[in-house]
Amino acid sequence: MKWLLKMLQKPVARPAKAARPATAQAVKPAEDSHGLRAALAVAADAAERARIGSHLGQSLAGQRQAPCADDPAEVWIAAICHAPDKMLALAWLASLNGDAALGEVATQGRGAEVRFAAAQRIENAEMLEQIAQASRDKDKRVYRHCADLLRQRRHVETCARRATAIADELKGLLDSAPLPLSRVLELKHELASLEHAGEPYLECSALMTQVHDRLHQESEQRRHLQTSQSAAKALESACAQATWPWADHLDAWCIRHETLSRALAELPPWLAEQAAARTLSASLVKIEARLAELAADDERTSACEQFLAGLEAGTPPRTDLAATWKALPKPTHLAAQQALTSRWQALPQAVAPPVTAVIQVPATPPRQPLRVDHDVIRDLLEKLEAAIAQGHLADADTVAKQIKSKLAGSTLHGALETRLHNGQARLEALRGWARWGTGQAREQLIGAARALLDGEHDVEALATAIRELREEWKRLNVHAPAGQALWETFDATLEKAYAPVAAHRAAEAARQAEARTAREALCATWAAEVAGIAWENADFKAIESRRAEMLKQWHAAPQVGFRHERALRKLFDPLIHGIDQRLEAARGAEIQRREQLITLAEALNGQADTGQAMSQAKALQTRWNQEAIPVRLKRSDEQRLWQRFRSACNAIFERRDAQRAEQAAQRQEQAQSRQKRLDEFAATLAGADAHSIKLALAQFRADWGDARPAMRETPDILESRAAELQQQAQQRLNELRNAKHRERFELLARKAILADRVEAAALAAEPLDSILAETRLAWDSLPPLPGKAEILLAQRLANADKVSRARLDTGHETRQSLLLDLEIALDLPSPDAYATLRRERQLARLRSRFGAPSENRAEPGDLLTQWYATPALPDTTMDARIAAVVRHLVMQGSGA
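Being a predicted model, the structure only gives us computed values, none of them experimental.

Colleague: What's the story with the packing of helix α8 (residues 125–134) against helix α9 (residues 140–174) in this structure? I'm lost.
Modeller: Two measures define how a pair of helices packs: the angle their axes make with one another and the distance between the axes. The geometry of α8 relative to α9 is characterised by a closest axis approach of 9 Å and an angle of 140 degrees between their N-to-C directions. With respect to their mutual orientation, α8 and α9 come out oblique. The interaxial crossing formed by α8 with α9 has left-handed handedness. Along its contact with α8, which presents Ala125, Leu128, Glu129, Ile131 and Ala132, the element α9 presents Val142, Tyr143, Cys146, Leu149, Leu150, Arg153 and Arg154.

Right under this line is the structure:
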């Protein structure tokens, strides 16, 4: 009876078959590794040893045994190449050394991972080259690794050679002075691309650091020279403009002169030959001469003052005092002469007789120094110091000029003079740095100009770049003018770079000439076309489209220069303007026509007959579209007129819309009520009580007929939903009925199986007490069958222990008869062996149908119950036939 349980229940899960083990890769029978190793030890020929070693390695690989540590490389290579497992081959490969052996594995190994691992450990360049050639079309990964490694090594070697050459050049530069800044920058830029050069690159980096230090040192020396030159100029100016008495400043000036002289002497030879050093030397010579003059004049003044001081102290007069005074050397400074003369004349006449000699006074009196406003100078000095501290050279130069203008040749004293000298020195240093930075910037501009000669550049971008470079060069000239050779190099480079721009602009001029001719031809063609238009019957929409095409062709035509564009516009604009005037006149007539229609539509709002008003409004709408002049209005005018006309027409249809809205509200209310009924009915279908579903279906059909609207102009979705729900209800009833029948048939089969078990034990003469007890417990745990089926199955179970083989044979014949009746009743096929018996039984049924009334014919369900209640021996053929009967009964949903 298991077939019935399989049909009524889910199929019993069969235990999964054990997965077949994957067959290992076929390996040749392993040879005797000990014998091969012994043969290898006594082999005298190298070729023989290689052959035996290869066989030994293959044998070890087949046995998954690692070669011995003292085995030759041939054994290891063969074992690795023929290893059946990748991980095993990689483990053996770790013990293999030598580029030649690794090369053989990289070209002959079985797995790609093994070949790549061997190639990664090879260092010899020749071996890498051989492997790359051998694996070029076989193993792309190995080939790419070897090729990349060889390419990288060649690049490193090239970089190393170039780095060595740069190092030699840097050593030569360090032996000379001064260093050429432009060449150093070029070498530094080139060295940045040689990072892979290894030790030569490190040597170059160290030498480049020394070069940078040397450049900084030379820059500092130049700056100190500029500072000394500025200080010398300031000292020279102060000495030249010295005012008497200058004794208090003379010592300080001498100290400054000595400091500047020492700085000049400490200059390196290459810097001492420059113009700035020669200018400093000349200034120091002038200062030294002026200081000597001032010192001599100061000594003469001191001698005269000592002579007068003795007379003023009461020294006894002598007869030769006047001659002595006259013989004393007098200072050359006029103020000192006048002061001493005044003191001499202030002495008593007996001591200082009147001086008859006339002191030679210069014809032109000396210029009196102007009064200096020290507060203003102090503020300007603060601005100068702030500008220098911030590095603003232009602002510092402006303030320095203001200070010079305020002084107007006068000199300062004390702290202000020191601050001024320090500020001038720092300003000159800042100018030196600016000149040095300007030199670097000019070198960079020349490099940028040369870069424009390489590669392809956009012409406009190239012209912009050339213009910007020239403007930048001019801006740098503000700080310091460039040398003639440097400027000629820069200008020649830019002129060469400008050649493509000049050629492009010449071609552009030729193209613009052609474009101008083409546009003039278009204007002539369009003028003739416009002159031939008959405006009385013109299609203005077509004319407007043609106008748009003219504008499109005009804009799509090749562009010309600004000057030619203005001349061509004088030909094109009048054409477009004339067309626009005609279009505006046509638009005005169309607007007037639509205004009249709007007035008529607005007058319809007062009519009482809505139907007549609607008919007239529809006629006006037809006229709105059909009587229009073929011209397009402006979008704003079109929308404004249409909004007014539509508003006037909408007012006429408002009453009809109100009626339709009321009808729609009623239909909506009905639809909501019907939808509620549908939802309630759909909720009842989820239950499992067939009687409740049947009552709900009948009630729904009655209620739905009453709620159906009288008229439906369009198909109703709710009607389709109602039909669908009724169909679902019927299907649900059928499912519940079929499930009930299926449970009944399953219960019938289970109880029949219990009887089969007892009958089989009785035939086998087994002890029945325990089997009957277990069967009774199982029977009691099952629910009872409906009707007389429970009684029939209970009687079979009660008589199961007394069954005999003769009775089972009789039951088998009874079951065959019942099964034939079931197949005939259900119109199911029977086996060919029972074809004759089936025909006889069918004829008997026909005779009984047309003859005398017979007893009531049993239903298929009762026949099935009798079949199960009849004891019989198991028969697989009969089981298959009864399974088909049960399936048909379940599908039919019918019972006794």
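Colleague: Could you clarify how one ought to interpret unusual backbone geometry in this entry?
Modeller: When glycine is set aside, most residues are seen to have a negative phi, and most peptide bonds are trans. Even without being glycine, arginine 64 reaches a positive phi, approximately 60 degrees. One can find arginine 64 in the loop between α3 (46–62) and α4 (73–81). Of note in this structure, aspartate 827 is not a glycine but carries a positive phi near 60 degrees. Relative to the helices and strands, aspartate 827 resides in the loop between α30 (805–825) and α31 (835–850).

Colleague: Looking at this model, I keep getting lost on helix α10 (residues 181–191). Mind explaining?
Modeller: Because each turn of an α-helix spans 3.6 residues, side chains separated by three or four positions end up pointing in the same direction. Among the residues of α10, Leu181, Val184, Leu187 and Leu191 are the ones counted as buried. With its buried residues spanning 125 degrees around the axis, α10 presents them on a single face.

Colleague: How should the confidence of the model for the protein be read in this particular structure?
Modeller: Low-pLDDT stretches of the model should not have their predicted coordinates read in fine detail. For the protein, per-residue confidence averages 78 on the pLDDT scale, and residues scoring 70 or more make up 89% of the total. Summarising per-element confidence for the protein, the mean pLDDT is lowest in helix α1 (residues 2–8) (41) and highest in helix α7 (residues 112–120) (88). Taken as a whole, residues 1–30 scores under 50 in pLDDT and shows 28 contacts with residues more than four places along the chain or in a different chain. In the model, residues 355–369 has pLDDT below 50 throughout and makes eight contacts with residues more than four positions away in sequence or in other chains.

Colleague: What exactly am I supposed to notice about the nonpolar core here?
Modeller: In a soluble, globular protein the nonpolar side chains are often hidden away together inside. Ranked by internal contacts, the top residues of the largest apolar core, which has 37 residues, are Leu793, Leu864, Trp867, Tyr868, Ile882 and Val885. Top contributing element to this core by residue count: helix α27 (residues 717–763), with 10 residues. Among the nonpolar cores identified, the runner-up in size contains 29 residues, and Ala83, Ala106, Ile122 and Val142 belong to it.

Colleague: Is there a simple way to think about the layout of surface pockets in this case?
Modeller: Leftover empty space is mapped by rolling, across the atoms, a probe with the size of a water molecule. Estimates place the volume of the largest pocket at around 860 Å³. Along its surface, the largest pocket is lined by 34 residues, and Ala234, Ser237, Lys404, Leu420 and Gln424 are the ones closest to its centre. Where the lining of the largest pocket is concerned, the elements lending two or more residues are α11 (199–240), α12 (247–265), α18 (393–407) and α19 (415–451). By residue class, the composition of the lining of the largest pocket is 14 nonpolar, 13 polar and seven charged.

Colleague: Which parts of the structure should I look at to understand the pattern of salt bridges?
Modeller: Side chains carrying opposite charge are able to pair once their charged atoms draw close together. All told, the structure shown has 33 salt bridges when counted by the stated rule. A salt bridge links arginine 593 to glutamate 590, with the nearest nitrogen and oxygen atoms 2.8 Å apart. On the criterion of helical spacing, the pair formed by arginine 593 and glutamate 590 is a turn pair, its members being three residues apart in helix α23 (residues 562–603). With respect to burial, arginine 593 and glutamate 590 carry one shared label: buried. A salt bridge links aspartate 821 to arginine 841; the nearest nitrogen and oxygen atoms lie 2.8 Å apart. Taken together, the residues aspartate 821 in helix α30 and arginine 841 in helix α31 connect sequence positions 20 residues apart. For aspartate 821, a relative accessible area of 13% puts it in the buried group. Overlapping salt bridges, with partners in common, bring together Glu590, Arg593, Arg594 and Glu638 in one network.

Colleague: Sorry, what's going on with the side chain of threonine 493 here?
Modeller: Along the chain, the position of threonine 493 falls in helix α21 (residues 484–531). Looking at threonine 493, the relative accessible area reads 10%, which means it is buried. The residues touching threonine 493, leaving out its near neighbours within four places in the chain, are Ala449, Arg450 and Leu453.

Colleague: Explain the packing of aromatic side chains here, please?
Modeller: Two descriptors summarise a pair of aromatic rings, namely the distance from one centre to the other and the angle between the planes of the rings. Throughout the structure, instances matching the rule amount to 10 aromatic pairs. Note on tryptophan 624 and phenylalanine 645: the rings are 4.4 Å apart at their centroids and 15 degrees apart in plane angle, and the pair reads as stacked. Here tryptophan 624, found in helix α24 (residues 610–626), pairs with phenylalanine 645, found in helix α25 (residues 635–684); they are 21 residues apart in sequence, far enough to count as distant. The pair tryptophan 624 / phenylalanine 645 is uniform in exposure class, with both members buried. Taken together, Trp473, Trp487 and Phe490 form an aromatic cluster joined through their ring pairs. Across from the ring centre of phenylalanine 116, 3.9 Å away, lies the NZ or CZ of arginine 141, which sits over that ring.

Calculation rules
- Residues numbered from 1 in each chain as written.
- Predicted model: local features only at pLDDT ≥ 70, side-chain atom pairs only at ≥ 80, totals over all residues.
- Heavy atoms only, no water.
- Axes fitted to C-alpha atoms, helices over the stretch in contact; angles between N-to-C directions.
- Helix = DSSP H or I, 4+ residues; strand = E, 2+ residues; numbered from the N terminus.
- Parallel < 35°, antiparallel > 145°, perpendicular 65-115°, else oblique.
- Left-handed = near helix turned anticlockwise from the far one by under 90°.
- Contact = heavy atoms within 4.5 Å.
- Buried < 20%, exposed > 50% of the residue type's maximum accessible area, 1.4 Å probe, protein only.
- Arc of directions from axis to C-beta.
- pLDDT = per-residue confidence, 0-100.
- Core = buried A, V, L, I, M, F, W, Y, C linked by side-chain atoms within 4.5 Å.
- 1 Å grid on protein atoms, 1.4 Å probe; cavity = no way out; pocket = protein on both sides within 12 Å on 5 of 7 lines; lining within 4 Å.
- Points joined across faces, edges and corners; volume = space filled by probe spheres on them.
- Nonpolar A, V, L, I, M, F, W, Y, C, P; charged D, E, K, R; others polar.
- Salt bridge = Lys/Arg side-chain N within 4 Å of Asp/Glu carboxyl O.
- Phe/Tyr/Trp six-rings, centres within 6.5 Å; stacked < 30°, edge-to-face > 60°.
- Lys NZ or Arg CZ within 6 Å of the ring centre and 35° of its normal.

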